[in-house]
Amino acid sequence: MSSQALAIKWRPQTFDKVVGQEHVVKALKNSLRQDRLHHAWLMTGTRGVGKTTIARLLAKALNCLEGVSEEPCGICSACEQISHSRAVDVIELDAASNTQVDNMRDLLESALYAPAALNFKVFIIDEVHMLSKSAFNAMLKTLEEPPPHIKFILATTDPQKIPVTVLSRCLQFNLKKIHPKKITSQLQNVLSNEKISYDDEALIEVANAADGSMRDALSLVDQGIALGDGNISNDIVTEMLGSVDHGQLIKLLRAIGNGDGKTAVKVTQEICDGGVSLEKALSSLANTISSMNLIKEFPEAIDDEFAHKQQLDELCNLFSSEELQLMYQIAIYGRRDFEWAPDEFSGFSMVILRMLAFMPINLDQNDPSGNSIGKKKLIKSNTGEKRQDLK
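Heads up: these notes are all about the structure in this document. (Residues numbered from 1 in each chain as written. Predicted model: local features only at pLDDT ≥ 70, side-chain atom pairs only at ≥ 80, totals over all residues. Heavy atoms only, no water.)

## Overview of the overall build of the protein chain
Helix and strand counts for the protein chain come out as 17 helices and 10 strands. Buried residues in the protein chain amount to 43% of all 391 residues. Contacts in the protein chain between residues at least 24 apart in sequence constitute 70% of all its contacts with a sequence separation of at least 6. Surface accessibility of the protein chain: about 20,500 Å² in total, with carbon and sulfur atoms responsible for 49%. (Helix = DSSP H or I, 4+ residues; strand = E, 2+ residues; numbered from the N terminus. Buried < 20%, exposed > 50% of the residue type's maximum accessible area, 1.4 Å probe, protein only. Contact = heavy atoms within 4.5 Å. Areas by Shrake-Rupley, 256 points an atom, 1.4 Å probe, with all protein chains shown as cover.)

## Some thoughts on the packing of helix α12 (residues 246–257) against helix α17 (residues 344–357)
Helix-helix packing is characterised by the crossing angle of the two axes and by the distance between the axes. Running from amino to carboxyl end, α12 crosses α17 at an angle of 35 degrees, the nearest separation of the two axes being 9 Å. In this structure, α12 crosses over α17, and the sense of that crossing is right-handed. Of the residues in α17, those touching α12 at L252, A255 and I256 are F348, I352, M355 and L356. Taken together, the residues of the contact of α12 with α17 sort by class into 7 nonpolar, no polar and no charged. (Axes fitted to C-alpha atoms, helices over the stretch in contact; angles between N-to-C directions. Left-handed = near helix turned anticlockwise from the far one by under 90°. Nonpolar A, V, L, I, M, F, W, Y, C, P; charged D, E, K, R; others polar.)

## Observations regarding the sheet that holds strand β2 (residues 90–94)
If you walk across this open sheet you meet the 5 strands as β2-β3-β4-β1-β5, and the pairing is parallel. Every interior strand has two partners, whereas the edge strands, β2 and β5 (171–174), have only one. Across this sheet, the average inter-strand angle for adjacent strands is 15 degrees, counted without regard to direction. As judged from the 5 bridges shared by strand β1 (residues 40–44) and strand β4 (residues 150–156), these two strands associate in the parallel manner. Note that in β4 the partner of W41 across the bridge is I153. (Pairing = 2+ DSSP bridges.)

## Overview of the pattern of salt bridges
A complete count under the given rule lists 11 salt bridges for this structure. The salt bridge partner of K141 is E145, with a shortest N-O separation of 3.8 Å. Overall, the relative accessible area of 52% leaves K141 in the exposed class. Taking the relative accessible area as the measure of exposure, E145 reaches 53% and is therefore exposed. (Salt bridge = Lys/Arg side-chain N within 4 Å of Asp/Glu carboxyl O.)

## Re helix α11 (residues 234–241)
Residues I236, V237, M240 and L241 constitute the buried set of α11. Down the axis of α11, the smallest arc covering the buried residues is 115 degrees, so these residues share one side. In this structure, α11 carries D235 and E239 as exposed residues pointing more than 90 degrees from its buried face. Contact partners of the buried residues in α11: α9 (200–209), α10 (214–227), β7 (231–232) and α14 (278–297). (Arc of directions from axis to C-beta.)

## A word on α17
Counted at 1.5 Å a residue, the expected span for α17 with its 14 residues is 20 Å, and the 20 Å between its end C-alpha atoms agrees. Of the positions making up α17, those classed as buried are G347, F348, S349, V351, I352, M355 and L356. Against the buried residues of α17 lie α12, α13 (261–273), α14 and α16 (321–336). Backbone nitrogen of F345 and a side-chain oxygen of the N-cap are separated by 3.1 Å at the start of α17; the cap is D343. (Expected span 1.5 Å × (residues − 1). Polar contact = N/O pair within 3.5 Å; in protein donor to acceptor, adjacent residues only side chain to side chain.)

## Section: the pairing of β1
Counting buried residues in β1 gives 5 out of 5 residues, a clear majority hidden from the surface. Of the two faces of β1, the one lined by A40, L42 and T44 and the one lined by W41 and M43 are each fully buried. Where β1 and β5 come together, 4 bridges link them in parallel fashion. Paired with W41 across the bridge in β5 is L171.

## Here we look at the packing of aromatic side chains
A complete count under the given rule lists 1 aromatic pair for this structure. Judged by centre distance (5.5 Å) and plane angle (25 degrees), the rings of F123 and F152 are stacked. Residue F123 is located in strand β3 (residues 121–126), and its partner F152 is located in strand β4; the two are separated by 29 residues in the primary sequence. No difference in accessibility class separates F123 from F152, as the two residues are buried. (Phe/Tyr/Trp six-rings, centres within 6.5 Å; stacked < 30°, edge-to-face > 60°.)

## Some points on the nonpolar core
L252, I256, I271, L285, M292, F348 and M355 are the most contacted members of the largest nonpolar core, which totals 34 residues. Among the secondary structure elements, those contributing two or more residues to this core are α12, α13, α14, α15 (309–315), α16 and α17. With 8 residues, the top contributor of residues to this core is α14. L57, L118, V122 and I153 belong to the second largest nonpolar core, which has 31 residues in total. (Core = buried A, V, L, I, M, F, W, Y, C linked by side-chain atoms within 4.5 Å.)

## Structural notes on unusual backbone geometry
The phi dihedral of S85 falls on the positive side, at around 60 degrees, and the residue is not glycine. Its place among the elements puts S85 in the loop between α4 (77–83) and β2. Its identity as a non-glycine residue notwithstanding, D211 has a phi of 55 degrees, on the positive side. With respect to the secondary-structure elements, D211 resides in the loop between α9 and α10.

## Observations concerning a negative patch on the surface
Judged by side-chain charge, D200, E201, E205, D235, E239 and D245 come together as a negatively charged surface patch. For the negative patch, the secondary structure elements donating two or more residues are α9 and α11. (Patch = residues over 30% accessible without salt bridge, like charges linked within 9 Å, V, L, I, M, F, W, Y side chains within 5 Å. Lys, Arg positive; Asp, Glu negative; His and termini not counted. Charge placed at Lys NZ, Arg CZ, Asp CG, Glu CD.)

## Overview of a nonpolar patch on the surface
Residues V265, M350 and L353 make up a contiguous nonpolar surface patch of about 240 Å² in total accessible area. One can find M350 in helix α17. Take M350: its relative accessible area is 41%, and that puts it in the partly exposed class.

## Here we look at the side chain of T53
Take T53: it is sitting in helix α3 (residues 51–63). Once residues lying within four places of it in the same chain are set aside, the contact partners of T53 are R11 and P12.

In structure tokens form, the structure reads like this:
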């Protein structure tokens, strides 16, 4: 296995390898094929979604020695130099470290000269929103009337901080967070090629923890490989992420559904003894309840590959839709109240006790004879269910 980090080793080298940004790739490939090239592009999106990667691929497509193409050859000297960040005419600048107007003036002075070896001189400016107001002003004139041999590719995680005068001179592409399912598929492909064993559920957990960032997902996998000695297992990922074991959540919800307070409190104590963040555990519990409600109401809309679908489907039989809605609200409000709880265990355990204590109240208007029935409250106890009329 290579000593390179997976995020570097598996950085896409062609547009077709970019994951989750089909709308951006399609627009850029069409522009390149039709030779409708703008002078400035702005890539926006959260960290690790492919902004810099797409910027480098665009620079490669503009400067391939085979000619401007949506599919650069990848083997010519220009493509290889850009891939390894050695091309003298492709200048990458980190705006977070070069915020001052003097840095921008030096950059723009170099833009006046023709490229030394390539078709275009390409300036890739990362985190461009970090530039000072004076630096942006210095850039405006060049952005408005750029020399024909100059291309700007700007990238940022915070486009709101970029002056509208700069935004109006760029083609803006918003890169989306990558769907967990696409991240999982890519991780499976990477690990299969790296000859590393893994559990499918472990990769699903990693994909969800990455929050839409492919780079974060690959970094977590690197960490998991080190922790698991070359194996990505459920236990390793649970320990690494500090998340609660899904089996414990199922056991806890089954105890709540059966009105078994003793078992519910016991499982709560086991979760606490596991050393996980109880606030994260409560968040996972809310997500599980949300998934259960979705499965119960619209099972045909849920993919069969949905994580733990069969288990949750069986668990749904213990709850009505109203109960699941109430439990979800209890979990959400419990997260809000966490900062006021005496300690994490108290905050988490009281949420579970509320779920055991409160059930929906249904109000029936009239019976068939026209008489008012009143409120019927569903009460659950350790011995089962009963209905009590509240007159």
